[in-house]
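Listed below are the residues making up each chain.
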Amino acid sequence: MKERFKTIVLAILITASLFQSYFLIYRLPGSYSVVTSDSNYIKTENMGQEQRIENLIFPDHMVIHMGEDRHTLFYPESTFYQLIYSRLAGRSFGEFQRQSVSSENWNELKKENLGIELSFEGGMPVALLQRVMQLSSDPLFEAETINKIWIYTDSDDKARALFFSSQGDVVYEAADVDLTVQDIKQHVDFGAGWTPYKLTSGGYYLPEEALEMVKAELGTQQYTVEQMQRSLFFDPSMTRNIQEKDGSEIYTDSKRSLQVNFNQRWVSYNDPAAVQASEGDRTKDTLAAIDFVNQHGGFNGTYQMQIDSDGDSTEVHLLPYYESYPVLDLPEYGYEHMRLEVQKELVSTYERSLLYLNEAEELGKEMVQLPYGDELAEQIKAAAGEQQVIKLNPAYQPVVSEAGMKLVPVWEITLASGQVSTIPSS
């Protein structure tokens, strides 16, 4: 009897040992891996929501050309913008042919021909555009960055699709276009009856009637420094705190650093070990940047991605949107868009505001009008001085309120020097 009992106990111990060995070797899906390389970012505390990169790629505006120098603009989230963009995303484009951008007078063609123009501020690599549009593979074309897509009907009643390089010297035409002339005319018809715009000699569009926007007041929420510290450091208990003379604080584990500024509302994370000397891949770098944000803070609300690459590194900007329009920075209050610098798929710099808008907490709303026509033209002239205006966009200027943040509609004017000024709503 005693021997039988010993045999049963031994069998149980052996089974338990085998079971434990199995878990050590073959971890269950979702558990931590046994070895984590330096290039794999650890999933940490759940803060904001994760976003797919496809949700961050969209045109900042859509121009509808209706012929006879008549135009209107649609912005993200508006009904016709979404309808037209979803339809275009479902059509295929291929057999790209390269030509010089100086081969045509594009402004005259925009005035005369029916068409749809998509604008991607700063440019978008073709390899990333292929995630939201059906663009066939082409080695030369895939190496490009596109800042404008123009789909139109020419004088021969033929559907054409042009993709403009952000370098400004080259345009690619898709010889294979999965659109008919009738398709384009149907899309253009959606622009009838909406705010008319005039194409100026400077290349930007001036509204000839008032543009109505929502002026809103929203509640705000804020991540804590402790949350970001736990999110960004493998072992937060090993970090030390350094107080700077300017009032900012630095948390460091001797390798990485997290600087906290603007009354605890803004942080800058730096990882010197991620700096690489050789040229990287913009697409891979951008994907790494979005993965990093998803795992270290996440997203609250709608964001648009803009990319800047100098060859050695990729700079990714993530701009917050409310309704159909971008929310401008308020740096003196520590409220700014997210920025990441990536080299060889490793994030070396990550800057973001700890403060974010809580769209679920609407404290007030009213409709206001932005200036237009001759009045707006005079205000633009006064703001620009002797400089050339290269862009005019509606946006929201954040203003701190007692209960949260007011979003005030403004015209955002961008000058050739890069300087930005605003014209408020009436």
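Within an unreviewed UniProt entry, the label attached to the protein chain reads YycH family regulatory protein, and the organism entered is Paenibacillus shunpengii.

Draft legend 1. Focus on the nonpolar core. Counting residues in each nonpolar core, the largest one holds 69 residues, and the members touching the most others are F93, F163, M305, L318 and Y350. Sorting elements by how many residues they give to this core places helix α8 (residues 282-295) first, with 5 residues. With residues up to four places along the chain from it excluded, the contact list for M305 reads I53, L56, I57, M124, L128, T286, I290, V316, H317 and L318.

Draft legend 2. The arrangement of α8 in detail. Along its 14 residues, α8 runs 20 Å from first to last C-alpha, staying within 8% of the 20 Å computed at 1.5 Å per residue. Among the 14 residues of α8, 10 are classified as buried, and the element is accordingly described as predominantly covered. Every buried residue belonging to α8 is among T283, D285, T286, A288, A289, I290, F292, V293, N294 and Q295, and all of these are buried. Among the residues trailing α8, G297 stands out with phi positive, at a value near 120°.

Draft legend 3. Structural view of helix α6 (residues 181-189). Turning to α6, its buried residues are V181, D183, I184, H187 and V188. All buried residues of α6 lie within an arc of 160° about the axis, which places them on one face of the element. When the buried face of α6 is taken as reference, the exposed residues oriented beyond 90 degrees from it are Q182 and D189. Buried residues belonging to α6 abut β1 (61-66), α2 (79-89), β4 (114-125), β6 (145-153) and β7 (159-165).

Draft legend 4. Focus on the packing of aromatic side chains. According to the stated counting rule, one finds 22 aromatic pairs in the structure shown. Measuring from ring centre to ring centre gives 5.0 Å for Y223 and Y356, while their planes differ by 45°; the resulting arrangement is tilted. Taken together, the residues Y223 in the loop between β11 (211-222) and α7 (225-232) and Y356 in strand β21 (residues 355-370) connect sequence positions 133 residues apart. For Y223, a relative accessible area of 4% corresponds to the buried category. Where Y325 meets Y396, the ring centres are 6.1 Å apart and the plane angle is 70°; that geometry is what we call edge-to-face. In this pair, Y325 is assigned in strand β18 (residues 325-326) and Y396 in strand β22 (residues 389-400), connecting sequence segments 71 residues apart. For the pair formed by Y325 and Y396, the shared burial category is buried. A network of ring pairs unites the aromatic residues F93, F96, F141, F163 and Y172 as a single cluster. One Lys or Arg, K148, reaches over the ring of F164 and ends 5.5 Å from the middle of that ring. Here the guanidinium or amino end of R265 rests over the ring plane of Y333, the centre of that ring lying 3.8 Å away.

Draft legend 5. Spatial organisation of the pairing of strand β12 (residues 240-243). With 4 bridges joining them, β12 and strand β13 (residues 249-252) adopt antiparallel strand pairing. When the sheet's bridge partners are listed, R240 is paired in β13 with T252. Hairpin geometry of β12 and β13 is characterised by an intervening segment of 5 residues between the two adjacent antiparallel strands and by a positive phi of about 95° at G247.

Draft legend 6. Quick peek at the environment of E54. Looking at the element boundaries, E54 is found in the loop between α1 (2-25) and β1. Linking E54 and V132, residues 78 residues apart in sequence, is a C-alpha distance of 6.2 Å. At 3.2 Å, the side chain of E54 forms a polar contact with the side chain of R131.

Draft legend 7. Structural context of the confidence of the model for the protein chain. When pLDDT is averaged across the protein chain, the result is 87; 88% of the residues are at 70 or more. Taken element by element, the protein chain is modelled with least confidence in α1, mean pLDDT 44, and with most confidence in strand β2 (residues 71-74), mean pLDDT 98. Note on residues 1-14: pLDDT is under 50 here. Beyond four places in sequence and across chains, it has 0 contacts. Scored below 50 in pLDDT, residues 16-44 makes 25 contacts in the model with residues more than four places away or belonging to other chains.

Draft legend 8. Expanded view of the environment of S353. Within the secondary structure, S353 sits in strand β20 (residues 346-353). Sequence-distant contacts of S353, defined by excluding residues within four places in its chain, comprise R265, W266, G334, Y335 and E336. At 2.8 Å, the side chain of S353 forms a polar contact with the backbone oxygen of G334.

The rules we used
- Residues numbered from 1 in each chain as written.
- Predicted model: local features only at pLDDT ≥ 70, side-chain atom pairs only at ≥ 80, totals over all residues.
- Heavy atoms only, no water.
- Core = buried A, V, L, I, M, F, W, Y, C linked by side-chain atoms within 4.5 Å.
- Buried < 20%, exposed > 50% of the residue type's maximum accessible area, 1.4 Å probe, protein only.
- Helix = DSSP H or I, 4+ residues; strand = E, 2+ residues; numbered from the N terminus.
- Contact = heavy atoms within 4.5 Å.
- Expected span 1.5 Å × (residues − 1).
- Arc of directions from axis to C-beta.
- Phe/Tyr/Trp six-rings, centres within 6.5 Å; stacked < 30°, edge-to-face > 60°.
- Lys NZ or Arg CZ within 6 Å of the ring centre and 35° of its normal.
- Pairing = 2+ DSSP bridges.
- Polar contact = N/O pair within 3.5 Å; in protein donor to acceptor, adjacent residues only side chain to side chain.
- pLDDT = per-residue confidence, 0-100.

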